[in-house]
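Chain and residue survey
If you want the building blocks of each chain, they are given just below.
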Amino acid sequence: MTPEKVKSVQRTSLSLHLAVMASLLLYIAVVEFLGTRIRPDAGPSSSLSSLRYIFYGITIALIFFIRRMNSLFKFGAKTEKREKNLQRLLKLSLVTSLLCEIPALLGFIYFLLKGFKRDFYYLIILSAALLLLNFPRYSKWKPLIESEE
C-alpha cells in the first residue's frame, strides 16, 4: 500500500473529524441564539430532572465504549488485508467521531427541554475533550505503510 493512499484516506478521516468538531460550534451558536427565547424551567418535573443524570450516565458509558472499540482494532499481518484494514480504520474513525458528538447532542436536547445552558456547556466540553482525545493522528495510520514487505 502506498504512503500517498494512506495519507489520502487519513486526510478524509481528518476532514470528517474536523466537520464534527465544527458542528459543536454550531450547537453553541444555536443555544446562544435560543437562550434569550427559552426560559429555564425550574419547576419540579421528576422525569426531566432524572433525564439530566441519564444523559451524564450515557456520556460516561460512551467514554468507556469508545476506548474499548478503539482498542479492539488490530492490523492484519497479511498483505491482502491491508486494503481492508485501511477501510476499517476509516470507518472506525468516522464512527468514533460521531460517537464523540453524542454528549453535545444530549446537552442540546436537555437545553431544549429545560432551558439550562450550564448542563449543555458541561456536555459540550466533554464532547470536545472526547474529540480531541480521539483525533485521527497519522501515527495510527502509519503501521499500514510500515507493514509493507
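Coordinates for the structure precede this section.
As a starting point, this report considers the structure included with it.

Scanning all chains against the criterion turns up three aromatic pairs. Both rings, one in Phe-55 and one in Tyr-110, keep their centres 6.4 Å apart while their planes meet at 80°; by these two values the pair is edge-to-face. Of this pair, Phe-55 sits in helix H2 (residues 46-72) while Tyr-110 sits in helix H3 (residues 82-114), and the two are 55 residues apart along the sequence. Accessibility expressed as a relative area gives 8% for Phe-55, which makes it buried. Taking the centre distance of 5.1 Å and the plane angle of 70° together, the rings of Phe-120 and Tyr-121 count as edge-to-face. Owing to a relative accessible area of 0%, Phe-120 belongs among the buried residues under this scheme.

On to the packing of helix H1 (residues 3-35) against helix H4 (residues 117-133). The geometry of H1 relative to H4 is characterised by a closest axis approach of 11 Å and an angle of 170° between their N-to-C directions. Taken together, the axis directions place H1 and H4 in an arrangement best described as roughly antiparallel. Touching His-17, Val-20, Met-21, Leu-24, Tyr-27, Ile-28, Val-31, Glu-32 and Gly-35 of H1 are Lys-117, Phe-120, Tyr-121, Ile-124, Ser-127, Ala-128, Leu-131 and Leu-132, all from H4. Class assignment for the residues of the contact of H1 with H4 results in 12 nonpolar, three polar and two charged.

Time to look at the pattern of salt bridges. Pairing between side chains becomes possible if they bear opposite charge and their charged atoms approach one another. Summed over the entire model, instances satisfying the criterion amount to two salt bridges. A salt bridge links Glu-32 to Lys-117; the shortest N-O distance between them is 3.2 Å. Note that Glu-32 is positioned in helix H1 and Lys-117 in helix H4, a separation of 85 residues in sequence. Between Arg-52 and Asp-119 there is a salt bridge whose closest N-O contact spans 3.0 Å. Taken together, the positions of Arg-52 in helix H2 and Asp-119 in helix H4 put the pair 67 residues apart, joining distant regions of the chain.

The rules behind each value
- Residues numbered from 1 in each chain as written.
- Predicted model: local features only at pLDDT ≥ 70, side-chain atom pairs only at ≥ 80, totals over all residues.
- Heavy atoms only, no water.
- Phe/Tyr/Trp six-rings, centres within 6.5 Å; stacked < 30°, edge-to-face > 60°.
- Helix = DSSP H or I, 4+ residues; strand = E, 2+ residues; numbered from the N terminus.
- Buried < 20%, exposed > 50% of the residue type's maximum accessible area, 1.4 Å probe, protein only.
- Axes fitted to C-alpha atoms, helices over the stretch in contact; angles between N-to-C directions.
- Parallel < 35°, antiparallel > 145°, perpendicular 65-115°, else oblique.
- Contact = heavy atoms within 4.5 Å.
- Nonpolar A, V, L, I, M, F, W, Y, C, P; charged D, E, K, R; others polar.
- Salt bridge = Lys/Arg side-chain N within 4 Å of Asp/Glu carboxyl O.

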